[in-house]
Structure formats: structure tokens, C-alpha cells
Amino acid sequence: MLPLNAIITQITEESPLVRTFFFDHRFEDMEPGQFVMVWVRGVDEVPMGLSRNNSITVQKVGEATSKLFELKEGDSFGLRGPFGKGFTLPAKDEKLLIIAGGVGAAPLSPYAEAASAAGAEVNTVLGARNAGDLLFEERFEALGKVYVSTDDGSKGVKGFVTDALKNLDVAAYDRIAVCGPEIMMASVFRLLEEKKVLEKSEFSLHRYFKCGIGVCGACCIDQSGLRVCKDGPVFSGVQLIGSELGKYSRDASGRRVKI
Amino acid sequence: MYTLTGLKLKNPTILAAGVLGTTGASLCRVAREGGAGAVVTKSIGPAPKTGHPNPSMIRLDCGFLNAMGLPNPSYPGFLQELEFAKENSAAPVIASIFGGTPSEFAEVAEGLLPSKPDAFELNVSCPHAEGYGAAIGSNPCLVEAVTAAVKDVVNVPVWVKLTPNVADITCIGNAAESGGADAVVAINTVKGMAIDIESGFPVLGNRSGGLSGKAVKPVAIKCVYDLYTALEIPVIGVGGVSSWKDAVEMMMAGAAAVQVGSAVYDRVDVFSEIDSGIEAFLRRKGYSDIKKIIGLAHEVV
């Protein structure tokens, strides 16, 4: 498909480095956790998790996102998608634990909302560097309990999401969904592995995407060879046993880069 | 079991270069789960390259347009991936390589030899990398020199992948044969472009690229047909093959084996599907051997 022309209808400042861009198109059939390829014309095209069926929530990290931050309401960018496999929707009355770190809360918030609408009980562990960086706290609070952790202790537990998790009985949940920086996901993975609840978990991975549609193979993970862009980005914890998670990823040339 | 340039393949379907070939693990997945008879790596060159900016691949109604720009970690960076694929794929692993000169080709081939690739495929056909690929592959003298340079330093089969973006592909095929190639592979992508009419921007980061998939199959069939007549060495067909019917058609044009690329978009196990389709076709038609259909279109008229 050629990129659709998405016109920005509203921009919300979530924190100094994170903005939500609403656009004039709704991906009605999106699975929460799927991503879109965002084409900042003349610069680059980058993958972004959908934070609603008509918004992306972006952290300013590089050239493409910096250029995106220069855009105003009424400006446009190209969009392709939604691509990949999202989170599994829980059944009615299941207990779902969301574990979100930083901008990882973006794809998890529509998932939490869809799960709640399906009749699941949704509790969230939400982590960020400081109170001002906590993303979508109110969206998660509207659904159930939220346990907060901040690196500097400005709100909630001082430390990482794993510190907030220590006070929770993860085994009491039917499903656990995780997204955030890879170091955080790796420590959550280890914790869930110790508690023997990996089979209940799903993780949303990020890797360098070249084609984004499952053909080129730039985002394949070891040792399974699964493609993050097409077989993921959401994988079950079991699929990630013995994988490269938390150890290395690959850069645009395919070279391994230590995490 | 099927023999091609001395390699033993469990079936005549091969993963094309540049597709799911960045890592050893993904090559193994295509060989094992996908059922490919052999796999070809991403094209590897003398130095690390990040490739062109994105978008680097888009799907169109008639096929796919791509301009990756030969991203690769260089041959020293790829050794461990090739080694892993060799140890775990249970199918021949062919190293696709590129360079800007005959000596660069030889350097990359020699550099990869410690990981023991089963064969080399020379990329003289990528349509969108300046100084590489088709820049070499449209010049018969350079194709012959590059092929001879690699043949000089390796003792495994050397295949040469040809570009259709030339006036006469048989002339380039002949040059490869003269250089000592064990087979030619035809075709690489056909030059193409797409433009976003909302903004006027060319869609691909590199502005233009190469077309693969459904749309290029008739072009590939014609190239394979002509090369089969012109050359003594086997022709490996590639371009728009996504079903057993496409594969049979390609073999009837003269292909000794068939590579599959963009069709992995639909399903990674397209290789086993094609293989079993060919087998069923041969049984239904009463052909005693797959060799009976190779080049059949030349014999019936």
C-alpha cells in the first residue's frame, strides 16, 4: 500500500520530550500493540505504536522524530499500516496486569482500554524517570489500580517498575503485558521467569525496521529467526526464552549492538 | 534429492538474496520451517553499509518496490551469521556478495571462506546502489572480470545474478559464462518508482528502486527463456514466483531451479508449498523426472 496522507488534527504535549499527534484517519480494525510506519517526507520512515486508533505518541529521539516535532496542526505525514501482531485480548473476567515503562505506555493504553471494554480487570504498573514523564496515568487510572514507580522517587515507589512489581503477586494475574525500554523488559522477563508465569506474559519488542512488512529480515531475532515487524512486535514470554532480549539488537547495517 | 552445480538440494526452491537473509537464525528458519532447498544470504560487501533511508520497501497492487541500498555488516561482521546458518540450516547456504571492483569481490569471497559457504552468488544486478550491482552488471567486460576474480580464489560453485535492466541479457550471461560462472541467476528487480500524489514526494527514500513480485514474472520468464538458449551453464530462475504454477512455468522456460523472494510476504513456508505442488504436477502429468520439464517450452515449438 502507498502511504496514506494523514493530516494532523491535534497535538498534545505529554511531557517535554513526548507528544501525541492525532490525525484525521481512524484505524478501526487495529489490534492494540500493532504499529504504523510514519513517513516524515524527505527525511525517513519510522515505526510507531498506535496510542489510539487515530493517534501516535512519539518520543523525540532522532532525526525523523525531531522533524515530526516541527510539524503543526494541519500539516501532514505519510502513514502505512497497521502492521504486525498485537496483544492478545483477554477474556471476560480475566485479570490483566499492564507493565509499562516510559513511552512503552503508548501501545499499552489502547490495549488496557480494549481489555477493560471486553470485561477484564485491568491493573497497571507504570514507570518513568520522574513524575512529569509518567505517560497516560489518567487513562490507566480510569480502568483500575495503578502502581507508579519513578527513577527519582518524585512519585510512587523510588526505583524501576521491577521495584514496584515486588509488592505485587504476579501469579494472581491471568495475563501480563509488557512494553518499555529493553533493559526494563529484560528485568521484568527475569522476574516473571523466576515466578514461573512467563506463559501468561506478552512483550512488545522494538528493533530496527527496514522494510517493515516482513520481507527483508533486518529485524529478525535470535535464535528463532522470528521477524519483529511481522511475527511480532508482540511476542509471548515463552517465545523469548533464550532469545537476544536484553543482550543485543542489530543496527541498520545488521551489526550486533550490545544493549 | 536434486543436484544443482554440484550442490545437493532437497528440492529446487531457493530463498532469493536480500530476503530474510540478514541473520543466521532467519536463514535457518526459512530452510527448516519454510522448506527451502537452499538459502541465499543478504548481499555482503567489503565494508559496513546502513543502506538507503526509509521507506525502503512498499507493496503495490502489482508487486513490491524496494531500495534497500545493500545494508550489510561487511564480511567480517557476517562470518558468525554464516557460520550459524551453515551449522543449523540442514540446507546449502549460498553467500551473496558484492563489491565495486573485481578485487573487492575477491576480497569479500575470500573473507567469507572460513565460514564455508556452499556457493557464492555474485550480485552484479542491484538496480539502486551507485557503483555497485547493476553498475557492474550492465558491462560485459566487468562481469567477466568479476566472475573470473572470484573463481580464482574459491573452490565452490559461483553463480552470477543478472540484471534485466540491460538491452540484451544474454550478452551479460555469456560474459559470466566466459568468466567461469557455474550458473547464472535471472533476474534481479526491474527499475521502478512510485510517487505520493498528495505531496509530490517520491515514496522510496532513494527516490527510485526495483520492482519485484507478480509484475515482473513475464520479464523473468523471457530472460530465463533467452538465457537457456544462449548458455551452456544452468539458469536459475527468479522473479515473481509465488506458486508452484509460477515455478513450473519458470522451469519450462529453462530454469534448473527457482528462487523465491517477495512471496515470503504472504507465508514463510511458500517453499514447501511450491515443492509439493511441483511434485503433484509431475505425478499428474506422468513426468518421470523434474528434468523433463526444464526447457520444455523450447522443445514443443
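Counting restarts for each chain: residues are numbered from 1 in the order of the written sequence. Each chain takes a letter, starting from A, and each ligand takes a number, starting from 1, following the order in which they are written. The predicted nature of this model means local features are confined to residues of pLDDT at least 70 and side-chain atom pairs, given and counted, to a pLDDT of 80 or more, with totals for whole chains, interfaces and linings taken over all residues. Side-chain numbers here rest on the full set of heavy atoms in the structure, without hydrogens or water.

**Student:** What exactly am I supposed to notice about the UniProt feature "domain: FAD-binding FR-type" (unreviewed entry) in chain A here?
**Tutor:** Residues given the UniProt feature "domain: FAD-binding FR-type" (unreviewed entry) here are residues 1-89 of chain A. Put simply, DSSP H or I for four residues or longer makes a helix, DSSP E for two residues or longer makes a strand, and each gets a number counted from the N terminus. Secondary structure over residues 1-89 of chain A splits into 8% helix and 52% strand, and the C-alpha atoms at its two ends are 27 Å apart. UniProt positions are given in the numbering used here, feature names are shortened, and annotations may be inferred rather than shown by experiment.

**Student:** Just checking my understanding: could you explain the sheet that holds strand 6 (residues 63-66) of chain B for this structure?
**Tutor:** Two strands in a sheet stick together by hydrogen bonds in their backbones, pointing the same way (parallel) or opposite ways (antiparallel). Residues and elements named next belong to chain B. The strand order 5-6-12-11 describes an open sheet built from 4 strands, whose pairing is antiparallel. The two strands at the open ends of the sheet, each matched to only one other strand, are strand 5 (57-60) and strand 11 (190-193). Averaged over all pairs of adjacent strands, the angle between their axes in this sheet comes to 35°, without regard to strand direction. Only strands that DSSP links by at least two bridges are regarded as paired with each other. A fitted line through C-alpha atoms represents every axis, and for helices the fit uses only the stretch in contact; the resulting angles, taken between N-to-C directions, go from 0 to 180 degrees.

**Student:** How should the environment of A:Glu141 be read in this particular structure?
**Tutor:** Within the secondary structure, A:Glu141 sits in helix 3 (residues 137-141). With 28 residues separating them along the chain, A:Glu141 and A:Asp169 place their C-alpha atoms 19 Å apart.

**Student:** Explanation requested: the confidence of the model for chain B in the structure shown.
**Tutor:** Do not read the predicted coordinates in detail wherever pLDDT is low. Of all residues in chain B, 100% have pLDDT values of 70 or greater, and the mean over the chain is 96. Interface confidence for the predicted complex, given as ipTM, is 0.95, next to a pTM of 0.96. Per residue, pLDDT measures the predictor's confidence, with a range of 0 to 100.

**Student:** Mind showing me how you'd approach the packing of helix 1 (residues 24-32) of chain B against helix 2 (residues 74-88) of chain B here?
**Tutor:** Helix-helix packing: each pair is described by the crossing angle between the helix axes and the interaxial distance. All names here are of chain B. Close contact between helix 1 and helix 2 brings their axes to 7 Å; oriented N to C, the two are set at 25°. When the axis of helix 1 is compared with that of helix 2, the two are roughly parallel. By crossing handedness, the relation of helix 1 to helix 2 is classed as right-handed. Listed contacts from helix 2 to Gly24, Ala25, Leu27, Cys28 and Arg32 of helix 1 are Glu81, Phe84, Ala85 and Asn88. When residue character is reported, Ala, Val, Leu, Ile, Met, Phe, Trp, Tyr, Cys and Pro are called nonpolar, Asp, Glu, Lys and Arg charged, and the others, Gly included, polar. Grouping the amino acids of the contact of helix 1 with helix 2 by side-chain chemistry returns 5 nonpolar, 2 polar and 2 charged. Each angle receives one of four descriptions, namely roughly parallel if under 35 degrees, roughly antiparallel if over 145, roughly perpendicular if within 65 to 115, and oblique otherwise. For any helix crossing, the convention is left-handed if the near helix is rotated counterclockwise from the far helix by under a right angle, and right-handed if that rotation is clockwise. Any two residues whose heavy atoms approach within 4.5 Å at even a single point are treated as in contact.

**Student:** I tried to follow the pairing of strand 13 (residues 235-238) of chain B on my own but got confused; where do I start?
**Tutor:** Side-chain direction in a regular strand flips from residue to residue, so the side chains alternate between the two faces of the sheet. Residue and element names in this part refer to chain B. Think of it in three bands: residues with accessible area under 20% of the maximum for their type are buried, residues over 50% are exposed, and the middle band is partly exposed, with areas taken using a 1.4 Å probe on protein chains only. Side chains Val235 and Gly237 project from strand 13 onto one buried face, and the interleaved Ile236 and Val238 project onto a second face that is buried too. Across 3 bridges, the pairing between strand 10 (residues 183-186) and strand 13 is parallel. In the strand pairing of strand 13, Val185 is matched with Ile236. Strand direction decides the pairing type here: strand 13 and strand 14 (residues 255-260), joined by 4 bridges, are parallel. Looking across to strand 14, one finds that Val235 is bridged to Ala255.

**Student:** It is not clear to me how the packing of aromatic side chains should be interpreted in this structure. Could you clarify?
**Tutor:** Two measures describe an aromatic ring pair: the distance that separates the ring centres and the angle between the ring planes. Residue and element names in this part refer to chain A. Only the six-membered ring of Trp is used, alongside the rings of Phe and Tyr, when aromatic pairs are assigned; centres must lie within 6.5 Å, and planes under 30 degrees apart are stacked while those over 60 apart are edge-to-face, with the rest tilted. Taken as a whole and assessed by the stated rule, the structure comprises 12 aromatic pairs over all chains. Where Phe35 meets Phe209, the ring centres are 5.0 Å apart and the plane angle is 45°; that geometry is what we call tilted. Taken as a pair, Phe35 in strand 3 (residues 35-40) and Phe209 in the loop between strand 12 (201-204) and strand 13 (234-236) lie far apart in primary sequence, 174 residues in all. Judged by relative accessible area, Phe35 falls into the buried class, the value being 4%. For Phe209, a relative accessible area of 5% corresponds to the buried category.

**Student:** How should I be thinking about the sheet that holds strand 8 (residues 121-128) of chain A in this particular structure?
**Tutor:** Residues and elements named next belong to chain A. The strand order across the open sheet built from 7 strands is 10-9-8-7-11-12-13, with neighbouring strands paired in mixed fashion. Every other strand in the sheet has two partners, leaving strand 10 (157-158) and strand 13 as the edge strands with one partner each. Sheet analysis places strand 9 (residues 146-150) next to strand 10, joined by 2 bridges and oriented parallel. Residue pairing across strands places Thr150 opposite Lys158, the latter belonging to strand 10.

**Student:** I keep staring at the side chain of A:Ser109 and nothing clicks. Help me out?
**Tutor:** Residues and elements named next belong to chain A. Tracing the chain through its elements places Ser109 in helix 2 (residues 105-117). Its relative accessible area of 1% is what places Ser109 among the buried residues. Ignoring sequence-local partners within four residues, the contact set of Ser109 consists of Ser51, Phe136, Arg139 and Phe140.

**Student:** Quick question: what am I supposed to make of the interface of chain B and chain A here?
**Tutor:** Size of an interface, as often reported, equals the accessible area lost when the parts are brought together. Contact residues are listed per partner, giving 41 residues for chain B and 38 residues for chain A. When chain B packs against chain A, the two sides together hide about 3100 Å² of surface, and 57% of this comes from carbon and sulfur. The term salt bridge refers to a pairing of a side-chain nitrogen on Lys or Arg with a carboxyl oxygen on Asp or Glu at a separation within 4 Å. On inspection of chain B and its partner chain A, the count reaches 4 salt bridges. Between B:Asp196 and A:Arg41 there is a salt bridge; the shortest N-O distance is 3.0 Å. N or O atoms within 3.5 Å of each other form a polar contact, as long as, within protein, one can give a hydrogen and the other can take it, and as long as residues adjacent in sequence are counted only when both atoms are side-chain atoms. Here chain B and chain A share 19 residue pairs in polar contact (both at pLDDT 80 or more) between them. The biggest single contributor to the side of chain B that touches chain A is strand 5 of chain B, with 4 residues. Considering only residue class, the side of chain B that touches chain A consists of 21 nonpolar, 14 polar and 6 charged. Summed over both partners, the accessible area lost on bringing two parts together, with a 1.4 Å probe, is the buried area.

**Student:** Can you help me understand the nonpolar core in this one?
**Tutor:** One recurring pattern in soluble globular proteins is that nonpolar side chains are buried together. Nonpolar core, defined: a set of buried Ala, Val, Leu, Ile, Met, Phe, Trp, Tyr and Cys residues in which side-chain atoms within 4.5 Å join the residues together. Ranked by size, the top nonpolar core spans 149 residues in total, and within it A:Ile99, A:Phe203 and B:Leu112 carry the most contacts. In terms of nonpolar packing, the next biggest core, distinct from the first, is built from 23 residues, A:Ala106, A:Leu108, A:Ala120 and A:Leu134 among them.

**Student:** What is the right way to look at the UniProt feature "binding site: [2Fe-2S] cluster" (unreviewed entry) in chain A in this model?
**Tutor:** Taking the numbering used here, the UniProt-annotated feature "binding site: [2Fe-2S] cluster" (unreviewed entry) corresponds to A:Cys211, A:Cys216, A:Cys219 and A:Cys229. Taken along the chain, the residues just named run across 19 residues; in space they keep tight, none of their C-alpha pairs more than 10.2 Å apart. Along the chain, A:Cys216 falls in the loop between strand 12 and strand 13. By relative accessible area, A:Cys216 is classed as buried at 7%. Dropping the residues within four chain positions of it, A:Cys216 is found in contact with A:Lys210, A:Cys211, B:Gly18, B:Val19, B:Leu20, B:Gly21, B:Thr22 and B:Met68.

**Student:** Please explain helix 5 (residues 182-194) of chain A as it appears in this structure.
**Tutor:** A turn of α-helix holds 3.6 residues, and therefore any two residues three or four places apart point the same way. Residues and elements named next belong to chain A. The first and last C-alpha atoms of helix 5 sit 18 Å apart over 13 residues, in line with the 18 Å expected at 1.5 Å per residue. Within helix 5, burial applies to Glu182, Met184, Met185, Ala186, Val188, Phe189, Leu191 and Leu192. Where helix 5 is buried, its residues meet strand 7 (95-101), helix 4 (161-165), strand 11 (175-179), strand 12 and strand 14 (248-250). At the exit of helix 5 stands Lys196, carrying a positive phi of roughly 60°. Expected helix span is computed as 1.5 Å times (number of residues minus one).

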